[in-house]
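Here is how the chains run, residue by residue.
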Amino acid sequence: METETTAAIEEKFIAENAALREELDQALQKAKENMDGWQRERADFMNYKKRIDREQATLKENITGEILKKYLVVVDDLERALKVRPTEGDLAAWSEGVELVYRKLIGILESEGVRRIPAETEKFDPSRHEAISHEDNPDHESDDIIEVVRQGYTIADRVLRPALVRVAR
């Protein structure tokens, strides 16, 4: 009787052990599924966060560019005024003040990353220049810029305003 009881206890123990092992395997499988799902959601969230950060940076650049573009017309006006500035008399001191304002404005624009497009030394590039005329000119090769009518500017490798130029044919 004692051997029968021991055998029954062993069978019961083996059956319980198998059931517990099966339950453990199911719990481990469920934990693995939960971990995989959590890791996918975390990766999705990180991608979402990176995308939102990129979109916000682009939006900031666009807004900054649009605001700074409005000041470029002031720079144009100051440049035109300085081209015909008086060098003698009472107006010479006034023109020096205008030049100081011009330099401060250029300094502010440069501190914001605005750079002038050096159109005078380049060949015509439709992505950076806007041609207002194509002219025959024996002193220049085809697609050389003859004259810059209005300066162009870039910000962060993006054209803020193309340079208006006259181009040789």
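Each remark here, short or long, concerns the structure printed above.
Everything quoted here is computed from the prediction, not taken from an experiment. (Residues numbered from 1 in each chain as written. Predicted model: local features only at pLDDT ≥ 70, side-chain atom pairs only at ≥ 80, totals over all residues. Heavy atoms only, no water.)

All right, on to the sheet that holds strand S5 (residues 158-161) then. Spatially, three strands are ordered S1-S4-S5 in an open sheet, and the strand pairing comes out antiparallel. At either margin of the open sheet sits one strand with a lone partner, and together these are strand S1 (114-116) and S5. Sheet twist, expressed as the average angle between the axes of neighbouring strands with direction ignored, equals 40°. Pairing of S1 with strand S4 (residues 153-155), which is carried by three bridges, proceeds in the antiparallel orientation. (Pairing = 2+ DSSP bridges. Helix = DSSP H or I, 4+ residues; strand = E, 2+ residues; numbered from the N terminus. Axes fitted to C-alpha atoms, helices over the stretch in contact; angles between N-to-C directions.)

Taken together, Leu-59, Ile-63, Ile-67, Tyr-71, Val-73 and Val-74 make up a surface patch of nonpolar side chains, about 530 Å² in accessible area. Looking at where Val-74 falls in the secondary structure, it is placed in helix H1 (residues 2-83). (Patch = residues over 30% accessible without salt bridge, like charges linked within 9 Å, V, L, I, M, F, W, Y side chains within 5 Å. Areas by Shrake-Rupley, 256 points an atom, 1.4 Å probe, with all protein chains shown as cover. Salt bridge = Lys/Arg side-chain N within 4 Å of Asp/Glu carboxyl O.)

This part takes up the packing of aromatic side chains. Evaluated as defined, the whole model comprises one aromatic pair. Aromatic side chains Phe-45 and Tyr-48 sit 6.4 Å apart centroid to centroid with 35° between the ring planes, which places their arrangement in the tilted category. One end of the pair is Phe-45 and the other is Tyr-48, both in helix H1 and three residues apart, which spans about a single turn. Classification of Tyr-48 as partly exposed rests on a relative accessible area of 42%. (Phe/Tyr/Trp six-rings, centres within 6.5 Å; stacked < 30°, edge-to-face > 60°. Buried < 20%, exposed > 50% of the residue type's maximum accessible area, 1.4 Å probe, protein only.)

Moving on: the pattern of salt bridges. Scanning the entire structure with this criterion turns up 13 salt bridges. For Glu-122, the salt bridge goes to Arg-128, with nearest N and O atoms at 3.4 Å. Note on Arg-128: relative accessible area 25%, which makes it partly exposed. Among the salt bridges present, the one from Arg-166 reaches Glu-135, with a minimum N-O distance of 2.6 Å. With Arg-166 in strand S6 (residues 163-168) and Glu-135 in strand S2 (residues 129-135), this pair connects stretches of sequence that are 31 residues apart. With relative accessibility at 23%, the residue Glu-135 sits in the partly exposed group.

A few words on the nonpolar core. Leu-68, Val-75, Tyr-102, Leu-109, Val-114, Tyr-153 and Leu-160 are the most contacted members of the largest nonpolar core, which totals 14 residues. Mapped by element, the contributors of at least two residues to this core are H1, helix H2 (90-111) and S4. Setting aside chain neighbours within four positions, we find Tyr-153 in contact with Leu-72, Val-75, Glu-79, Val-114, Arg-115, Arg-116, Ile-117, Arg-158, Val-159, Leu-160 and Arg-161. By size, the runner-up hydrophobic cluster in this structure holds six residues, among which are Ile-145, Val-148, Ala-163 and Val-167. (Core = buried A, V, L, I, M, F, W, Y, C linked by side-chain atoms within 4.5 Å. Contact = heavy atoms within 4.5 Å.)

So, about the sheet that holds S2. Taken in spatial order, the three strands of this open sheet run S2-S6-S3, and their pairing is mixed. Sheet topology places S2 and strand S3 (145-150) at the edges, where each strand pairs with a single neighbour. Ignoring which end each strand starts from, the neighbouring axes of this sheet average 25° apart. Two strands pair when backbone bridges link them, and S2 and S6 are joined in this way by six bridges, in the parallel orientation. In the sheet register, His-129 faces S6, and the bridge partner there is Ala-163.

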